Amino acid sequence: MILVTGATGTIGTEVVRILAERGERVRAMTRKPEGANLSAKAAEAAEVVRGDFEDPDSLDAAVAGADAVFLLDAPGPWIERHDLAMLDAVRSHGIGKVVKLSAIGTGENSDLRVGGWHLPGERAVRAGEAVWTILRPSSFASNTLRWAPMIRAGQPVANMTANGAQGVVDPRDIAEVAVAALTTPDHAGKTYTLTGPELLSTPDQVEILRKVLNRPIEIVGVPLEEAKEQMIAAGLDPEFAEVAMRGQRFIAEGRNAELTTDVVTVLGRPARSYEIWADDHRAAFG
Ligand SMILES: NC(=O)c1ccc[n+]([C@@H]2O[C@H](COP(=O)([O-])OP(=O)(O)OC[C@H]3O[C@@H](n4cnc5c(N)ncnc54)[C@H](OP(=O)(O)O)[C@@H]3O)[C@@H](O)[C@H]2O)c1
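For clarity, every value in this text was computed on a predicted model and none was experimentally measured.

Colleague: For the site of the ligand, give the residues involved together with the corresponding values.
Modeller: The environment of the ligand is made up of 27 residues, and the closest members are Thr 8, Thr 30, Arg 31, Asp 73 and Asn 143. Here Ile 11 contributes a backbone N or O atom positioned 2.9 Å from an oxygen atom of the ligand. Here a nitrogen atom of the ligand sits 2.9 Å away from a polar atom, N or O, in the main chain of Phe 53. For the ligand, the protein covers 83% of the area, taking 930 Å² as the surface of the free molecule. Among the secondary structure elements, those contributing two or more residues to the shell around the ligand are α1 (10-21), β2 (26-30) and α4 (79-92). Classifying every residue of the shell around the ligand by side-chain character gives 12 nonpolar, 12 polar and 3 charged.

In C-alpha coordinates:
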(Lines give C-alpha, C1' and ligand atoms only; values in the text may rest on other atoms or scores of the structure.)
Protein backbone atom coordinates (compact mmCIF):
# COMPACT_ATOMS: atom_id res chain seq x y z
CA MET A 1 0.00 0.00 0.00
CA ILE A 2 1.44 3.35 -1.07
CA LEU A 3 0.28 6.50 0.73
CA VAL A 4 0.42 9.57 -1.52
CA THR A 5 0.37 12.94 0.25
CA GLY A 6 -0.36 16.10 -1.72
CA ALA A 7 -2.60 13.72 -3.66
CA THR A 8 -4.94 16.41 -5.01
CA GLY A 9 -2.18 18.74 -6.29
CA THR A 10 -0.15 18.99 -9.51
CA ILE A 11 2.29 16.15 -8.89
CA GLY A 12 0.20 14.05 -6.49
CA THR A 13 -2.78 13.63 -8.84
CA GLU A 14 -0.41 12.25 -11.47
CA VAL A 15 1.33 9.93 -8.98
CA VAL A 16 -2.04 8.56 -7.81
CA ARG A 17 -3.28 8.19 -11.40
CA ILE A 18 -0.19 6.27 -12.57
CA LEU A 19 -0.14 4.00 -9.51
CA ALA A 20 -3.87 3.27 -9.88
CA GLU A 21 -3.51 2.55 -13.60
CA ARG A 22 -0.68 0.13 -12.84
CA GLY A 23 -2.87 -1.73 -10.38
CA GLU A 24 -0.84 -0.74 -7.31
CA ARG A 25 -2.66 -0.40 -3.99
CA VAL A 26 -2.79 3.34 -3.40
CA ARG A 27 -4.15 5.59 -0.67
CA ALA A 28 -4.61 9.28 -1.51
CA MET A 29 -4.34 11.76 1.38
CA THR A 30 -6.27 15.03 1.39
CA ARG A 31 -7.72 17.37 4.01
CA LYS A 32 -11.08 17.15 2.25
CA PRO A 33 -11.83 13.62 1.04
CA GLU A 34 -15.32 14.59 -0.15
CA GLY A 35 -15.04 15.79 -3.74
CA ALA A 36 -11.24 15.26 -3.88
CA ASN A 37 -9.67 16.23 -7.20
CA LEU A 38 -8.64 12.81 -8.59
CA SER A 39 -8.75 11.29 -12.09
CA ALA A 40 -11.72 8.96 -12.76
CA LYS A 41 -9.54 5.86 -12.67
CA ALA A 42 -7.82 7.02 -9.46
CA ALA A 43 -11.14 7.86 -7.79
CA GLU A 44 -12.33 4.34 -8.62
CA ALA A 45 -9.12 2.53 -7.60
CA ALA A 46 -7.59 4.58 -4.78
CA GLU A 47 -8.56 4.61 -1.15
CA VAL A 48 -9.06 8.25 -0.11
CA VAL A 49 -8.05 9.15 3.45
CA ARG A 50 -8.37 12.39 5.43
CA GLY A 51 -4.99 13.67 6.58
CA ASP A 52 -3.69 17.07 7.63
CA PHE A 53 0.00 17.72 8.38
CA GLU A 54 -1.23 20.01 11.19
CA ASP A 55 -3.11 17.13 12.85
CA PRO A 56 -0.75 14.31 14.01
CA ASP A 57 -3.62 11.90 14.83
CA SER A 58 -4.84 12.12 11.25
CA LEU A 59 -1.31 11.28 10.00
CA ASP A 60 -1.17 8.20 12.25
CA ALA A 61 -4.42 6.95 10.74
CA ALA A 62 -3.27 7.80 7.20
CA VAL A 63 0.04 5.87 7.37
CA ALA A 64 -1.33 2.84 9.27
CA GLY A 65 -0.79 -0.27 7.13
CA ALA A 66 1.15 1.55 4.38
CA ASP A 67 4.42 0.14 2.98
CA ALA A 68 5.66 3.38 1.40
CA VAL A 69 4.91 7.12 1.59
CA PHE A 70 5.19 9.78 -1.10
CA LEU A 71 5.84 12.96 0.90
CA LEU A 72 4.82 16.23 -0.73
CA ASP A 73 4.03 19.50 1.05
CA ALA A 74 2.26 22.58 -0.24
CA PRO A 75 4.87 25.33 -0.79
CA GLY A 76 5.45 27.60 2.22
CA PRO A 77 7.42 28.18 5.40
CA TRP A 78 5.47 25.33 7.07
CA ILE A 79 7.28 22.68 4.98
CA GLU A 80 9.73 21.80 7.79
CA ARG A 81 6.90 21.39 10.33
CA HIS A 82 4.82 19.31 7.90
CA ASP A 83 7.72 17.06 6.84
CA LEU A 84 8.74 16.37 10.43
CA ALA A 85 5.15 15.63 11.49
CA MET A 86 4.75 13.05 8.72
CA LEU A 87 8.20 11.56 9.37
CA ASP A 88 7.22 11.08 13.05
CA ALA A 89 4.24 9.02 11.91
CA VAL A 90 6.45 7.12 9.43
CA ARG A 91 8.91 6.27 12.22
CA SER A 92 6.31 5.19 14.75
CA HIS A 93 4.62 2.89 12.20
CA GLY A 94 7.91 1.47 10.87
CA ILE A 95 7.06 2.41 7.27
CA GLY A 96 9.67 0.91 4.94
CA LYS A 97 10.09 3.58 2.27
CA VAL A 98 9.80 7.35 1.86
CA VAL A 99 10.07 9.30 -1.38
CA LYS A 100 10.29 13.03 -0.64
CA LEU A 101 9.50 15.74 -3.17
CA SER A 102 12.01 18.52 -2.47
CA ALA A 103 13.27 21.33 -4.75
CA ILE A 104 16.28 22.04 -6.96
CA GLY A 105 19.22 23.59 -5.12
CA THR A 106 18.25 22.35 -1.67
CA GLY A 107 21.39 22.21 0.40
CA GLU A 108 23.43 24.66 -1.65
CA ASN A 109 22.85 28.36 -0.87
CA SER A 110 19.51 27.17 0.42
CA ASP A 111 18.98 30.44 2.26
CA LEU A 112 18.70 32.09 -1.13
CA ARG A 113 15.82 30.07 -2.44
CA VAL A 114 12.77 28.02 -1.72
CA GLY A 115 14.97 24.93 -1.30
CA GLY A 116 15.80 26.16 2.21
CA TRP A 117 12.29 25.15 3.25
CA HIS A 118 13.04 21.53 2.26
CA LEU A 119 16.45 21.14 3.90
CA PRO A 120 15.31 20.00 7.39
CA GLY A 121 12.92 17.45 5.84
CA GLU A 122 15.64 16.09 3.53
CA ARG A 123 17.98 15.70 6.51
CA ALA A 124 15.32 13.92 8.55
CA VAL A 125 14.49 11.57 5.65
CA ARG A 126 18.18 10.62 5.26
CA ALA A 127 18.58 10.11 9.02
CA GLY A 128 15.48 7.90 9.32
CA GLU A 129 15.18 4.13 9.22
CA ALA A 130 13.10 3.99 6.03
CA VAL A 131 14.66 3.43 2.59
CA TRP A 132 14.54 6.84 0.91
CA THR A 133 14.71 8.68 -2.39
CA ILE A 134 14.76 12.48 -2.67
CA LEU A 135 13.48 14.26 -5.78
CA ARG A 136 14.60 17.84 -6.39
CA PRO A 137 12.68 19.17 -9.38
CA SER A 138 13.41 22.38 -11.22
CA SER A 139 10.63 24.81 -12.15
CA PHE A 140 7.41 23.02 -13.16
CA ALA A 141 6.15 23.63 -16.71
CA SER A 142 2.69 23.92 -15.13
CA ASN A 143 3.72 27.12 -13.29
CA THR A 144 2.90 28.89 -16.56
CA LEU A 145 -0.78 27.99 -16.12
CA ARG A 146 -0.92 31.13 -13.97
CA TRP A 147 -0.46 33.10 -17.19
CA ALA A 148 -3.58 31.50 -18.69
CA PRO A 149 -6.09 34.17 -17.50
CA MET A 150 -3.84 36.94 -18.91
CA ILE A 151 -3.34 35.13 -22.21
CA ARG A 152 -7.07 34.39 -22.55
CA ALA A 153 -7.82 38.09 -21.89
CA GLY A 154 -5.15 39.27 -24.37
CA GLN A 155 -3.15 40.89 -21.54
CA PRO A 156 0.64 40.76 -21.16
CA VAL A 157 2.34 38.04 -19.14
CA ALA A 158 4.25 39.26 -16.05
CA ASN A 159 7.98 38.45 -16.05
CA MET A 160 9.83 38.60 -12.71
CA THR A 161 12.88 36.62 -13.82
CA ALA A 162 14.23 38.73 -16.74
CA ASN A 163 16.28 36.43 -19.04
CA GLY A 164 17.17 33.97 -16.28
CA ALA A 165 16.85 30.44 -17.68
CA GLN A 166 15.82 27.22 -15.90
CA GLY A 167 15.56 23.53 -16.74
CA VAL A 168 11.75 23.65 -16.85
CA VAL A 169 10.41 20.16 -16.13
CA ASP A 170 7.10 18.48 -16.99
CA PRO A 171 5.18 17.45 -13.82
CA ARG A 172 4.29 14.17 -15.53
CA ASP A 173 8.00 13.28 -15.68
CA ILE A 174 8.40 14.10 -11.96
CA ALA A 175 5.42 11.85 -11.17
CA GLU A 176 6.81 9.00 -13.28
CA VAL A 177 10.16 9.23 -11.49
CA ALA A 178 8.32 9.22 -8.13
CA VAL A 179 6.41 6.08 -9.15
CA ALA A 180 9.67 4.37 -10.19
CA ALA A 181 11.19 5.20 -6.79
CA LEU A 182 8.06 4.05 -4.95
CA THR A 183 7.62 0.75 -6.77
CA THR A 184 11.17 -0.53 -7.45
CA PRO A 185 14.26 -0.94 -5.24
CA ASP A 186 16.49 0.71 -7.87
CA HIS A 187 16.47 4.27 -6.49
CA ALA A 188 17.17 3.71 -2.80
CA GLY A 189 19.47 6.31 -1.26
CA LYS A 190 19.46 8.46 -4.42
CA THR A 191 18.93 12.21 -4.68
CA TYR A 192 17.79 13.20 -8.16
CA THR A 193 17.70 16.72 -9.58
CA LEU A 194 14.90 16.60 -12.15
CA THR A 195 15.00 18.98 -15.10
CA GLY A 196 13.60 19.12 -18.59
CA PRO A 197 15.82 18.80 -21.67
CA GLU A 198 16.60 22.50 -22.21
CA LEU A 199 17.22 25.78 -20.39
CA LEU A 200 14.36 28.24 -20.90
CA SER A 201 13.75 31.82 -19.72
CA THR A 202 10.29 33.35 -19.37
CA PRO A 203 10.66 35.04 -22.81
CA ASP A 204 11.65 31.60 -24.25
CA GLN A 205 8.55 29.98 -22.74
CA VAL A 206 6.32 32.78 -24.02
CA GLU A 207 7.83 32.34 -27.49
CA ILE A 208 6.96 28.63 -27.41
CA LEU A 209 3.41 29.43 -26.26
CA ARG A 210 3.06 31.98 -29.11
CA LYS A 211 4.00 29.24 -31.56
CA VAL A 212 1.84 26.51 -30.00
CA LEU A 213 -1.23 28.75 -29.54
CA ASN A 214 -0.59 30.69 -32.76
CA ARG A 215 -1.35 34.07 -31.22
CA PRO A 216 0.58 37.17 -30.09
CA ILE A 217 1.49 37.29 -26.37
CA GLU A 218 3.12 40.36 -24.83
CA ILE A 219 5.48 40.31 -21.83
CA VAL A 220 5.81 42.97 -19.14
CA GLY A 221 8.75 43.10 -16.69
CA VAL A 222 7.70 43.42 -13.03
CA PRO A 223 10.26 44.72 -10.47
CA LEU A 224 10.66 42.19 -7.64
CA GLU A 225 10.02 44.70 -4.84
CA GLU A 226 6.75 45.69 -6.51
CA ALA A 227 5.75 42.03 -6.90
CA LYS A 228 6.54 41.37 -3.23
CA GLU A 229 4.41 44.33 -2.08
CA GLN A 230 1.54 43.10 -4.27
CA MET A 231 1.79 39.59 -2.77
CA ILE A 232 1.71 40.95 0.79
CA ALA A 233 -1.17 43.32 -0.06
CA ALA A 234 -3.04 40.29 -1.47
CA GLY A 235 -2.73 38.63 1.96
CA LEU A 236 0.35 36.43 1.46
CA ASP A 237 2.51 35.71 4.52
CA PRO A 238 5.41 38.26 4.35
CA GLU A 239 7.99 35.50 5.03
CA PHE A 240 6.55 33.49 2.13
CA ALA A 241 6.67 36.57 -0.13
CA GLU A 242 10.28 37.32 0.88
CA VAL A 243 11.52 33.75 0.19
CA ALA A 244 9.54 33.60 -3.07
CA MET A 245 11.13 36.87 -4.22
CA ARG A 246 14.63 35.68 -3.26
CA GLY A 247 13.93 32.64 -5.45
CA GLN A 248 12.85 34.86 -8.35
CA ARG A 249 16.00 37.01 -7.96
CA PHE A 250 18.16 33.87 -7.93
CA ILE A 251 16.60 32.78 -11.23
CA ALA A 252 16.82 36.28 -12.77
CA GLU A 253 20.56 36.32 -12.03
CA GLY A 254 20.94 33.13 -14.07
CA ARG A 255 21.88 31.05 -11.03
CA ASN A 256 19.24 28.35 -11.52
CA ALA A 257 20.42 27.52 -15.05
CA GLU A 258 21.04 23.85 -14.36
CA LEU A 259 20.30 20.82 -16.54
CA THR A 260 20.67 17.18 -15.52
CA THR A 261 20.02 13.82 -17.16
CA ASP A 262 18.39 12.28 -14.06
CA VAL A 263 14.96 11.97 -15.75
CA VAL A 264 16.62 10.06 -18.61
CA THR A 265 18.55 7.87 -16.16
CA VAL A 266 15.43 6.86 -14.23
CA LEU A 267 12.88 6.65 -17.06
CA GLY A 268 15.16 5.46 -19.87
CA ARG A 269 13.75 8.04 -22.31
CA PRO A 270 14.22 11.77 -22.91
CA ALA A 271 12.52 14.27 -20.60
CA ARG A 272 9.44 15.93 -22.11
CA SER A 273 10.08 19.41 -23.53
CA TYR A 274 8.12 22.53 -22.56
CA GLU A 275 6.74 22.57 -26.10
CA ILE A 276 5.22 19.10 -25.58
CA TRP A 277 3.73 20.22 -22.25
CA ALA A 278 2.31 23.40 -23.85
CA ASP A 279 0.81 21.45 -26.75
CA ASP A 280 -0.87 19.04 -24.34
CA HIS A 281 -2.32 21.96 -22.33
CA ARG A 282 -3.51 24.26 -25.14
CA ALA A 283 -7.09 24.07 -23.90
CA ALA A 284 -6.13 25.71 -20.57
CA PHE A 285 -4.95 28.82 -22.44
CA GLY A 286 -8.24 29.21 -24.31
N1 LIG B 1 6.21 24.68 -8.66
C2 LIG B 1 7.50 24.51 -8.84
O3 LIG B 1 8.09 25.00 -9.82
C4 LIG B 1 8.28 23.68 -7.86
C5 LIG B 1 9.63 23.42 -8.13
C6 LIG B 1 10.36 22.63 -7.24
C7 LIG B 1 9.74 22.12 -6.11
N8 LIG B 1 8.42 22.38 -5.88
C9 LIG B 1 7.80 21.81 -4.67
O10 LIG B 1 6.62 21.11 -5.05
C11 LIG B 1 5.72 21.12 -3.95
C12 LIG B 1 4.34 21.48 -4.44
O13 LIG B 1 3.87 20.48 -5.30
P14 LIG B 1 2.51 20.65 -6.12
O15 LIG B 1 2.64 21.87 -6.98
O16 LIG B 1 2.18 19.35 -6.74
O17 LIG B 1 1.50 20.99 -4.95
P18 LIG B 1 0.10 21.74 -5.08
O19 LIG B 1 -0.49 21.52 -6.43
O20 LIG B 1 0.29 23.13 -4.56
O21 LIG B 1 -0.78 20.92 -4.06
C22 LIG B 1 -0.57 20.99 -2.68
C23 LIG B 1 -1.09 19.71 -2.04
O24 LIG B 1 -0.81 19.78 -0.64
C25 LIG B 1 -1.96 19.39 0.08
N26 LIG B 1 -1.96 20.11 1.35
C27 LIG B 1 -1.97 21.45 1.55
N28 LIG B 1 -1.94 21.72 2.87
C29 LIG B 1 -1.94 20.53 3.52
C30 LIG B 1 -1.94 20.14 4.90
N31 LIG B 1 -1.96 21.05 5.91
N32 LIG B 1 -1.95 18.84 5.20
C33 LIG B 1 -1.96 17.89 4.21
N34 LIG B 1 -1.96 18.19 2.88
C35 LIG B 1 -1.96 19.50 2.56
C36 LIG B 1 -3.15 19.75 -0.80
O37 LIG B 1 -4.18 18.83 -0.53
P38 LIG B 1 -5.67 19.18 -0.01
O39 LIG B 1 -5.90 20.65 -0.24
O40 LIG B 1 -6.54 18.29 -0.83
O41 LIG B 1 -5.63 18.80 1.44
C42 LIG B 1 -2.58 19.49 -2.21
O43 LIG B 1 -2.79 18.14 -2.58
C44 LIG B 1 6.26 22.10 -2.91
O45 LIG B 1 6.84 21.37 -1.85
C46 LIG B 1 7.30 22.88 -3.70
O47 LIG B 1 8.36 23.38 -2.89
C48 LIG B 1 7.68 23.15 -6.72
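Colleague: Would you mind going over the nonpolar core in detail, with residue names and values included?
Modeller: Membership of the largest hydrophobic core comes to 35 residues, with the highest contact counts inside it found for Val 4, Val 15, Val 16 and Phe 70. Elements with a contribution of two residues or more to this core: β1 (2-4), α1, β2, β4 (68-71), β5 (97-101), α7 (171-183), β8 (190-194) and α11 (262-267). In terms of residue count, the dominant contributor to this core is α7 (8 residues). Aside from chain neighbours lying at most four places away, what touches Val 4 is Gly 12, Val 15, Val 16, Leu 19, Val 26, Arg 27, Ala 28, Met 29 and Phe 70. In terms of nonpolar packing, the next biggest core, distinct from the first, is built from 22 residues, Leu 59, Val 63, Met 86 and Val 90 among them.

Colleague: Could you give an account of the pattern of salt bridges, naming the residues involved and the relevant values?
Modeller: Tallying each qualifying case throughout the model produces 23 salt bridges. Ionic contacts of the salt-bridge type, sharing partners, join the residues Asp 173, Glu 176, Arg 269 and Arg 272 into one network.

Colleague: Please set out helix α8 (residues 202-213) residue by residue, giving values where relevant.
Modeller: In a regular helix each residue adds 1.5 Å, so 12 residues correspond to 16 Å; α8 covers 16 Å between its end C-alpha atoms and thus fits that length. Looking only at α8, the buried set comprises Thr 202, Gln 205, Val 206, Ile 208, Leu 209, Val 212 and Leu 213. Down the axis, α8 shows its buried residues gathered within 160° of arc, on one side only. Tucked into the core, α8 has its buried residues touching α6 (148-152), β7 (157-159), β9 (219-221) and α12 (274-280). Trailing α8 by a residue or two, Asn 214 shows a phi angle of about 55°, which is positive.

Colleague: How would you summarise the packing of α4 against helix α5 (residues 119-127) if you had to cite specific residues and measurements?
Modeller: Geometrically, a packed helix pair is captured by the angle between its two axes and the distance between the axes. Put simply, α4 and α5 touch, their axes get as near as 8 Å, and they point 20° apart. With respect to each other, α4 and α5 are oriented roughly parallel. At the point where α4 passes α5, the crossing takes the right-handed sense. Residue-level contacts link Glu 80, Asp 83, Leu 84 and Leu 87 of α4 to Pro 120, Gly 121, Ala 124 and Val 125 of α5. In terms of residue class, the contact of α4 with α5 is made up of 5 nonpolar, 1 polar and 2 charged.

Colleague: How would you explain the environment of Pro 156 if you had to name every residue and give the values?
Modeller: Along the chain, Pro 156 turns up in the loop between α6 and β7. Overall, Pro 156 belongs to the partly exposed group, its relative accessible area being 38%. Sequence separation between Pro 156 and Val 48 is 108 residues; the distance between their C-alpha atoms is 40 Å. Excluding its chain neighbours within four sequence positions, the residues that come into contact with Pro 156 are Met 150, Glu 218, Ile 219 and Val 220.

Colleague: Would you mind going over the sheet that holds β1 in detail, with residue names and values included?
Modeller: Whenever strands of a sheet pair, they do so through backbone hydrogen bonds, lying parallel or antiparallel. Ordered by their spatial adjacency, 7 strands build an open sheet running β3-β2-β1-β4-β5-β6-β8, and the pairing between neighbours is parallel. Two strands in the sheet have a free side with no partner beyond their single neighbour: β3 (47-50) and β8. Shown here is a sheet whose adjacent strand axes are inclined to one another by a mean of 20°, direction ignored. Sheet analysis places β2 next to β3, joined by 4 bridges and oriented parallel. Bridging from a neighbouring strand, Thr 30 pairs with Arg 50 of β3. Of the strands in this sheet, β1, β2, β4 and β5 touch α4, which is tilted by about 175° from β4. Contacts between α7 and the sheet are confined to β1, β4, β5, β6 (131-137) and β8, with β5 contributing the most and set at about 165° to the helix.

Rules used in this analysis
Residues numbered from 1 in each chain as written. Predicted model: local features only at pLDDT ≥ 70, side-chain atom pairs only at ≥ 80, totals over all residues. Heavy atoms only, no water. Near = heavy atom within 4 Å. Polar contact = N/O pair within 3.5 Å; in protein donor to acceptor, adjacent residues only side chain to side chain. Areas by Shrake-Rupley, 256 points an atom, 1.4 Å probe, with all protein chains shown as cover. Helix = DSSP H or I, 4+ residues; strand = E, 2+ residues; numbered from the N terminus. Nonpolar A, V, L, I, M, F, W, Y, C, P; charged D, E, K, R; others polar. Core = buried A, V, L, I, M, F, W, Y, C linked by side-chain atoms within 4.5 Å. Buried < 20%, exposed > 50% of the residue type's maximum accessible area, 1.4 Å probe, protein only. Contact = heavy atoms within 4.5 Å. Salt bridge = Lys/Arg side-chain N within 4 Å of Asp/Glu carboxyl O. Expected span 1.5 Å × (residues − 1). Arc of directions from axis to C-beta. Axes fitted to C-alpha atoms, helices over the stretch in contact; angles between N-to-C directions. Parallel < 35°, antiparallel > 145°, perpendicular 65-115°, else oblique. Left-handed = near helix turned anticlockwise from the far one by under 90°. Pairing = 2+ DSSP bridges.

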